[in-house]
Amino acid sequence: MTRKPPVDDVNDDNPDVREPKRWAAGIPGVAVSLNRGVQQMGAARTARTLRLLNQREGFDCPGCAWPEPQGHRKLAEFCENGAKAVAEEATRRRVGPEFFAEHSVAELAGRTDHWLGQQGRITHPVLLRPGATHYEPVDWATAFEVIAGKLRGLSTPDEAAFYTSGRTSNEAAFLYQLMVRSFGTNNLPDCSNMCHESSGAALAETTGIGKGSVTLADLTIADLIVVVGQNPGTNHPRMLSALEEAKGAGAKIVAVNPLPEAGLLRFKNPQNARGLLGRGTELADEFLQIRLGGDQALFQAIGHLLLAWEDEAPGTVVDRDFVDTRSEGFAEYAEHLRGLDWARVERATGLDRAEIEGVARMFAESERTIVCWAMGITQHKHSVPTIREIANVVLLRGMIGKPGAGLCPVRGHSNVQGDRTMGIWEKMPEKFLAALEEEFGVDVPREPGLDTVGAIRAMRGGKVRAFFAVGGNFVAAAPDTEVTEAAMRSCELTVQVSTKLNRSHVVHGETALILPVRGRTERDLQAGGEQFVTVEDSMSVVHRSRGRLEPASDQLLSEVGVVCGLALALFGPEHPVPWAELAGDYDLIREHIARVVPGCEDYNARVRLPDGFVLPNAPRDSREFTGTRDDKAVFTANPLTVLEVPEGRLLLQTLRSHDQYNTTIYGLDDRYRGIKDARRVVLVNPDDLTGLGLADGAIVDLVGEWPDDPTGRVERRAERFRVVSYPTARGCAAAYFPEANAVVPLDSTADQSNTPTSKSIVVRLEVSAHNHV
Ligand code: SF4
């Protein structure tokens, strides 16, 4: 099957390609932030909006989940990508009924994601009737009746899937999962299924909680920070300030990545003159340019070396007290690593032993170590064993539950962690479900529901007929674009709760609705007065977010309003949950959260504290591991995976450009990687290009190969990518998502977490039949 590019991508054949940058942020970061703001919002609105971003009395950044500092906040407590996210939301551009009257859905489907996103904020609910060519305006009551009617007409509630993107507030997420479970299903796929599900699975098993164990303050006092499979310069830019502060206090930083990302090398902090005008701070003391998927082998090798040095000088490397009193499984782990095969390690990592020994020595000498990771680790078939292996090394040094040390999965979307805390999960524990029933007097199902990949499979197989999404751009975020699109088109009903136009509005079911909502930046006035919402960041801090701008249209509802409106249409006014009251006063929702969600006691009072409050985390707070099998930290022995690639093939990872956030494409430049005005590019090591007989500038198709596909479809093709000679690790290529999602097979997923393997796809590059150069 072939994935053709949309119509306005033609300039991608001839992009402006320059040397990758060796540093991040600085003056260009400030200039781009302001420029995008002024383009979308005008100067006055830019100034008014950005001054509230990430401030205590303002609104939480709709970008990533990086935490704000406790106590004092700077005037500009945001990064370039946060400013871009706000500019996109607070734009003055509008998509109203006249836009939908002018553009047919077929015409819109031929546009790129970037073009769709740039049209502006959707102002009215719209409905696409069966067989119609255009969306038409619809009033809210009719919209809710259409959806409720379709849902009631299903043979079973399990024929519906209810997706959540990670921007949804805690209040909306809590009510949404309550509505879905009251309806009778646990089909609650979310974006976390595609990103940190592997972290949750591995950490819950080894430490008893599927979250990280460090605070922002820990990062600044660590003496070794290892950043693995993560590109903070683009994906969590304010993390660079924390790394700079740690560096200033004497920390060593190790970067492990297949690409030499600018943000890992040097940071020019735009918040101070030295950063703006000077050379900035060199961040990484060591850079291990690892092969894709080689991180498990790396951490096994580090563990092996630490154990060997402990044997040579007992009591100097392994934290015996921690291991003996607070963990289990150490003997089996140590025994397993004794037989490590260094030849396999070197093949898996592409690193030589001396490089690994240098970094292992840093682990041995550090008293306070933090390991951070993101999608570079979580999106492989062996992601869960990889994270277990990271945990093994951290545990053997006793680097958990003490200041300046711990495990740090860095979350992507701004409230993805909060949504999970609020019950957005297809398999919430019995305790949570029982508490919901007791609190509201409703019956909720116990059968686990569908995750993201499971929901697409069920749509493909005709078992899910209705799809409802709060936020996000499901079609673009999910793997195997052609399969996902066909699955979506097979539904009888698709509903998208959105702020802006995206691909999931033009790839739709028989009946489709777009329900437009207020954004984080906007005032939320309800019957009970002006409301705020709450969110949880990547380090478990829960705090308020209050928008101040006038909403983009008087037709918009809040996400809470949409959930309550639909629930009333679905269940009627006699339902035990007082939906209408909850919609008018979010304090009432928070009172229920306080009684149902563990750790949220006295929620209304604590979120009103200036910096909110931190959710309990037993490993971090008290070195306890309640929730594991025997309430101890768990060492694991994991068979080593070496990703083998046939001759003439490459391992491909999908990644973001610097001008996008998740599926939102802000612009067509990837400044740090030196690429301008293009998205259909594939980055390949120059020596690999020579070996493949290709030159920089060639136009190729990406042909994904997966012989194990249970559907028998071995190949997937994404057409016409421009080859860019780039210093990636040997044998490893990279291309942007969502364009390259077309070659990620739906059924190729991580063991245990079911996360798509978007960071290790075997591809061949075929000179394109549509070569325009
Ligand atoms: S680091 Fe993340 S949360 Fe902070 S301003 Fe940037 S995008 Fe927003």
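The shown structure was predicted, so the numbers you read here are calculated from the model rather than taken from an experiment.

Caption draft 1: Fine view of the overall build of the protein chain. A count of helices and strands for the protein chain gives 33 helices and 34 strands. A globule of 773 residues ought to have a C-alpha radius of gyration of about 28 Å, and the protein chain, at 25 Å, matches this closely. Principal axes of the C-alpha set define a box for the protein chain whose edges measure 75 × 65 × 55 Å. Out of the 773 residues belonging to the protein chain, those deemed buried represent 65%. Surface exposure of the protein chain reaches about 26,000 Å², of which carbon and sulfur atoms provide 52%. Once the 85 positive and 105 negative side-chain charges of the protein chain are each reduced to a mean point, those two points are 4 Å apart.

Caption draft 2: Structural view of the nonpolar core. Phe 162, Phe 174, Leu 175, Tyr 176, Phe 468 and Leu 515 are the most contacted members of the largest nonpolar core, which has 65 residues in total. Ignoring sequence-local partners within four residues, the contact set of Leu 175 consists of Val 560, Val 563, Cys 564, Trp 579, Leu 582 and Ile 589.

Caption draft 3: Layout of the pattern of salt bridges. This model, assessed by the stated rule, comprises 59 salt bridges. When the shortest N-O distance is used, the salt bridge between Arg 679 and Glu 739 registers 2.6 Å. Taken as a pair, Arg 679 in the loop between strand 29 (675-676) and strand 30 (681-684) and Glu 739 in the loop between strand 33 (732-736) and strand 34 (761-767) lie far apart in primary sequence, 60 residues in all. You'll find Arg 679 and Glu 739 in the same group, each marked buried. Between Arg 764 and Glu 705 there is a salt bridge, and its shortest N-O distance comes to 2.6 Å. Within this pair, whereas Arg 764 is found in strand 34, its partner Glu 705 is found in strand 31 (residues 699-705), the two being separated by 59 residues in sequence. Accessibility classification places Arg 764 together with Glu 705 in one group, the buried group. Here the salt bridges share partners, and the residues they tie into one network are Arg 649, Asp 701, Glu 705, Glu 715, Arg 717, Arg 764 and Glu 766.

Caption draft 4: A look at the sheet that holds strand 18 (residues 493-498). Pairing is mixed across the open sheet formed by six strands, whose spatial order is 7-6-19-18-17-8. Looking along the sheet, the strands with just one partner apiece sit at the ends: strand 7 (136-137) and strand 8 (160-164). As defined by bridge partners, strand 6 (residues 126-128) adjoins strand 19 (residues 511-516) across three bridges and the pair is classed as antiparallel. For Leu 127, the partnering residue across the bridge sits in strand 19 and is Leu 513.

Caption draft 5: Representation of a positive patch on the surface. Together, Arg 48, Arg 51, Arg 92 and Arg 94 make up a region of like positive charge exposed at the surface. Tracing the backbone through its elements, the reader meets Arg 92 in the loop between helix 3 (80-89) and strand 4 (94-95).

Caption draft 6: The arrangement of the pairing of strand 30 in detail. Residues Val 681 and Leu 683 of strand 30 are buried on one face, and the alternating residues Val 682 and Val 684, pointing to the opposite face, are buried as well. Strand direction decides the pairing type here: strand 30 and strand 32 (residues 715-725), joined by four bridges, are parallel. Each bridged residue has a counterpart across the sheet, and for Val 684 the counterpart in strand 32 is Ser 725. Bridging between strand 30 and strand 33 involves two bridges; their strand directions are antiparallel. Bridge assignment links Val 682 to a residue of strand 33, and that residue is Ala 735.

Caption draft 7: How the structure looks around the site of the ligand. As a matter of local geometry, the ligand sits amid Asn 54, Cys 61, Cys 64, Trp 66, Phe 78, Cys 79, Gly 82, Pro 237 and Arg 238. More than half of the atoms belonging to the ligand lie within 2 Å of the grid points that define the second largest cavity. Looking at side-chain class alone, the shell around the ligand contains six nonpolar, two polar and one charged residues.

Caption draft 8: Up close: helix 30 (residues 586-596). Among all positions of helix 30, only Tyr 586, Ile 589, Arg 590, His 592, Ile 593, Ala 594 and Val 596 are buried. Sitting at the head of helix 30, Asp 585 places a side-chain oxygen 3.0 Å from the backbone nitrogen of Asp 587.

Caption draft 9: Region of interest: the pairing of strand 10 (residues 252-257). Counting buried residues along strand 10, five of its six residues qualify, which places the element largely inside the surrounding structure. Bridging between strand 9 (residues 224-228) and strand 10 involves five bridges; their strand directions are parallel. Each residue of the ladder has a partner; that of Val 226, found in strand 10, is Val 254. Relative to strand 13 (residues 286-289), strand 10 is paired through four bridges, and the arrangement is parallel. Residue Asn 257 lies in a different strand from strand 13, and its bridge partner there is Gln 289.

Caption draft 10: Focus on the layout of surface pockets. For the largest pocket, the calculated volume is near 1,100 Å³. If you trace the largest pocket, you find 38 residues lining it, with Gly 208, Ile 209, Gly 210, Lys 211 and Pro 429 closest to the centre. Secondary structure elements with two or more residues in the lining of the largest pocket: helix 9 (197-207), helix 22 (416-421), helix 23 (430-440) and helix 32 (618-622). At five residues, the largest contribution of residues to the lining of the largest pocket is made by helix 9.

Caption draft 11: Expanded view of the packing of aromatic side chains. For the coordinates displayed, the defined rule picks out 18 aromatic pairs. Between Tyr 603 and Phe 613, the aromatic rings sit 5.8 Å apart at their centres with planes inclined by 85°, giving edge-to-face as the arrangement. Here Phe 613 lies in strand 24 (residues 613-614) and Tyr 603 lies in helix 31 (residues 603-606), a separation of 10 residues in the sequence. On the basis of relative accessible area, Phe 613 is assigned to the buried category, the value being 5%. In this structure an aromatic cluster arises from ring pairing among Phe 162, Tyr 176, Phe 183 and Phe 468. The ring of Phe 532 is capped by Arg 590, whose NZ or CZ atom sits 3.9 Å from the centre of that ring. The ring of Tyr 661 carries the charged tip of Arg 656 above its face, separated from the ring centre by 4.2 Å.

What counts and how
- Residues numbered from 1 in each chain as written.
- Predicted model: local features only at pLDDT ≥ 70, side-chain atom pairs only at ≥ 80, totals over all residues.
- Heavy atoms only, no water.
- Helix = DSSP H or I, 4+ residues; strand = E, 2+ residues; numbered from the N terminus.
- Rg over C-alpha atoms; globule rule 2.2 N^0.38 Å.
- Buried < 20%, exposed > 50% of the residue type's maximum accessible area, 1.4 Å probe, protein only.
- Areas by Shrake-Rupley, 256 points an atom, 1.4 Å probe, with all protein chains shown as cover.
- Lys, Arg positive; Asp, Glu negative; His and termini not counted.
- Charge placed at Lys NZ, Arg CZ, Asp CG, Glu CD.
- Core = buried A, V, L, I, M, F, W, Y, C linked by side-chain atoms within 4.5 Å.
- Contact = heavy atoms within 4.5 Å.
- Salt bridge = Lys/Arg side-chain N within 4 Å of Asp/Glu carboxyl O.
- Pairing = 2+ DSSP bridges.
- Patch = residues over 30% accessible without salt bridge, like charges linked within 9 Å, V, L, I, M, F, W, Y side chains within 5 Å.
- Near = heavy atom within 4 Å.
- 1 Å grid on protein atoms, 1.4 Å probe; cavity = no way out; pocket = protein on both sides within 12 Å on 5 of 7 lines; lining within 4 Å.
- Sits in = over half its atoms within 2 Å of the grid points.
- Nonpolar A, V, L, I, M, F, W, Y, C, P; charged D, E, K, R; others polar.
- Polar contact = N/O pair within 3.5 Å; in protein donor to acceptor, adjacent residues only side chain to side chain.
- Points joined across faces, edges and corners; volume = space filled by probe spheres on them.
- Phe/Tyr/Trp six-rings, centres within 6.5 Å; stacked < 30°, edge-to-face > 60°.
- Lys NZ or Arg CZ within 6 Å of the ring centre and 35° of its normal.

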